[in-house]
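Next come the chains, spelled out residue by residue.
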Amino acid sequence: MIDAIYQMGKSVDVKNFIAAAKPWTAPMTNVLVATLTGDIGLLSTGELPLRNQQGQWVSTIPWEDQPNFINPKSGFIVTANNHITPNNYPYPMPGQYSVYRNVRIQEMLNATKKWNIESIGKLQIDTVSVAMRMLMPELLKNIKLSSGADTVLSTVEKLKKWNADMQADSAEALIAVAWLNEISKDIYADELGPELFEKFRGPRL
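Residues numbered from 1 in each chain as written. Predicted model: local features only at pLDDT ≥ 70, side-chain atom pairs only at ≥ 80, totals over all residues. Heavy atoms only, no water.

Undergrad: Would you take a moment to explain the side chain of Gln66 for this structure?
TA: Here Gln66 shows up in the loop between β4 (57-60) and β5 (69-70). A polar side-chain atom of Gln66 sits 2.9 Å from the main-chain carbonyl oxygen of Gly46. Those residues in contact with Gln66 that lie beyond four places of it in its chain are Ser44, Gly46, Leu48, Ile61 and Tyr89. (Helix = DSSP H or I, 4+ residues; strand = E, 2+ residues; numbered from the N terminus. Polar contact = N/O pair within 3.5 Å; in protein donor to acceptor, adjacent residues only side chain to side chain. Contact = heavy atoms within 4.5 Å.)

Have a look at this one:
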């Protein structure tokens, strides 16, 4: 690993940078690289296990087939615990991956024409939840309101207008999270039992 890092530091372009990392066997991580000439790349360091149907480690994915890439068509690279391999990647990639964070990052990257300290700061502290934005319309359309439910009606209207921003002082965010927690309880608690449910309670977003 130390030798690989040393050689990576001496690299003159993205291709050489990725090639220099071949001796890096562990730990596995994503490394982003950029040059002053505008080239960018993603490097998956470490040996990537190849497992059989029983989940046993039988080999490693050949280095030339590691999910490394240079200068994607999008013009940028997003890594936020998301799946980085294409749909036709020939090797299994088991595990849990983030589904929503990278979607939001791509939205903000595509919407920003000029980058400066202010726009980068907004990207870093953004609190909009793509998961909530997708879930709320589905939940709201299944609500059945009875007469005299003025408070509930007011809350529903607020949630319909909500932009899924999870700021700490957002009443809508608090209501949405509490609602999902109750839904999770209704779905899983009786099958799991109280003790096991407490270990897994809450939505998995």
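Undergrad: What exactly am I supposed to notice about the sheet that holds β5 here?
TA: Strand-to-strand pairing in sheets goes through backbone hydrogen bonds, with the strands running parallel or antiparallel. Judged by pairing direction, the sheet is antiparallel, and its 3 strands sit side by side in the order β1-β2-β5 without closing on themselves. Both outer strands of the open sheet, β1 (29-34) and β5, are each paired with one neighbouring strand and no more. Strand direction decides the pairing type here: strand β2 (residues 40-45) and β5, joined by 2 bridges, are antiparallel. Paired with Leu42 across the bridge in β5 is Phe69. (Pairing = 2+ DSSP bridges.)

Undergrad: So what exactly am I meant to see when it comes to the environment of Glu107 here?
TA: Along the polypeptide, Glu107 turns up in helix α3 (residues 101-111). Using a relative accessible area of 29% as the deciding quantity, one classes Glu107 as partly exposed. Once residues lying within four places of it in the same chain are set aside, the contact partners of Glu107 are Val130 and Arg133. (Buried < 20%, exposed > 50% of the residue type's maximum accessible area, 1.4 Å probe, protein only.)

Undergrad: Teacher, can you tell me more about helix α7 (residues 171-192) here?
TA: For an α-helix, 3.6 residues make a turn, and residues three or four places apart therefore share a direction. The end-to-end C-alpha distance of α7 is 30 Å, a good match for the 32 Å that 22 residues give at a rise of 1.5 Å each. All of the buried residues along α7 are Ala173, Ala176, Leu180, Ser184 and Ala189. Where α7 is buried, its residues contact α5 (130-140) and α8 (194-200). The distance from a side-chain oxygen at the start of α7 to the backbone nitrogen of Glu172 is 3.4 Å, and the residue carrying that oxygen is Ser170. Just beyond α7, the residue with positive phi is Gly193, at close to 85°. (Expected span 1.5 Å × (residues − 1).)

Undergrad: In this structure, what is going on with the environment of Thr45? I would like to understand it.
TA: Its location among the elements puts Thr45 in strand β2. Counting along the chain gives 16 residues from Thr45 to Thr29, while the straight-line C-alpha distance between them is 5.5 Å. Excluding anything up to four places from it in sequence, Thr45 contacts Trp24, Pro27, Met28, Thr29 and Val31. Of note is the side chain of Thr45, whose polar atom sits 3.4 Å from the backbone oxygen of Pro27.

Undergrad: Mind showing me how you'd approach the nonpolar core here?
TA: Soluble globular proteins tend to bury their nonpolar side chains together. One finds Ala4, Met8, Val14, Phe17, Ile18, Ala20, Ala21, Trp24, Val31, Val33, Leu43 and Trp63 forming the largest nonpolar core, which totals 12 residues. Only α1 (2-9), α2 (14-20) and β1 provide two or more residues apiece to this core. Excluding residues within four positions of it along the chain, Val31 makes contact with Phe17, Gly41, Leu42, Leu43 and Thr45. In terms of nonpolar packing, the next biggest core, distinct from the first, is built from 11 residues, Leu139, Leu140, Ala173 and Ala176 among them. (Core = buried A, V, L, I, M, F, W, Y, C linked by side-chain atoms within 4.5 Å.)

Undergrad: I keep staring at a nonpolar patch on the surface and nothing clicks. Help me out?
TA: A cluster of nonpolar side chains, namely Ile187, Tyr188, Leu192, Leu196 and Phe200, defines an oily patch on the protein surface of about 460 Å² accessible area. Looking at the nonpolar patch, the elements that each hand over two or more residues are α7 and α8. Ranked by residues supplied to the nonpolar patch, first place goes to α7 with 3 residues. Its location among the elements puts Tyr188 in helix α7. Since its relative accessible area comes to 45%, Tyr188 is described here as partly exposed. (Patch = residues over 30% accessible without salt bridge, like charges linked within 9 Å, V, L, I, M, F, W, Y side chains within 5 Å. Areas by Shrake-Rupley, 256 points an atom, 1.4 Å probe, with all protein chains shown as cover. Salt bridge = Lys/Arg side-chain N within 4 Å of Asp/Glu carboxyl O.)

Undergrad: I would appreciate a short explanation of the environment of Ile143 in the present structure.
TA: Here Ile143 lies in the loop between α5 and α6 (150-161). We classify Ile143 as partly exposed; its relative accessible area is 29%. Dropping the residues within four chain positions of it, Ile143 is found in contact with Val156 and Trp179.

Undergrad: Honestly, the pairing of β2 in this entry has me stumped. Any pointers?
TA: Note on strand geometry: in a regular strand, side chains alternate between the two faces of the sheet. For β2, the tally of buried residues reaches 6 of 6 residues, placing the bulk of the element in the interior. Neither face of β2 is left uncovered, since the one carrying Ile40, Leu42 and Ser44 and the one carrying Gly41, Leu43 and Thr45 both have all their residues buried. Here 6 bridges tie β1 to β2, and the two strands are oriented antiparallel to one another. Paired with Leu32 across the two strands is Leu42, which belongs to β2.

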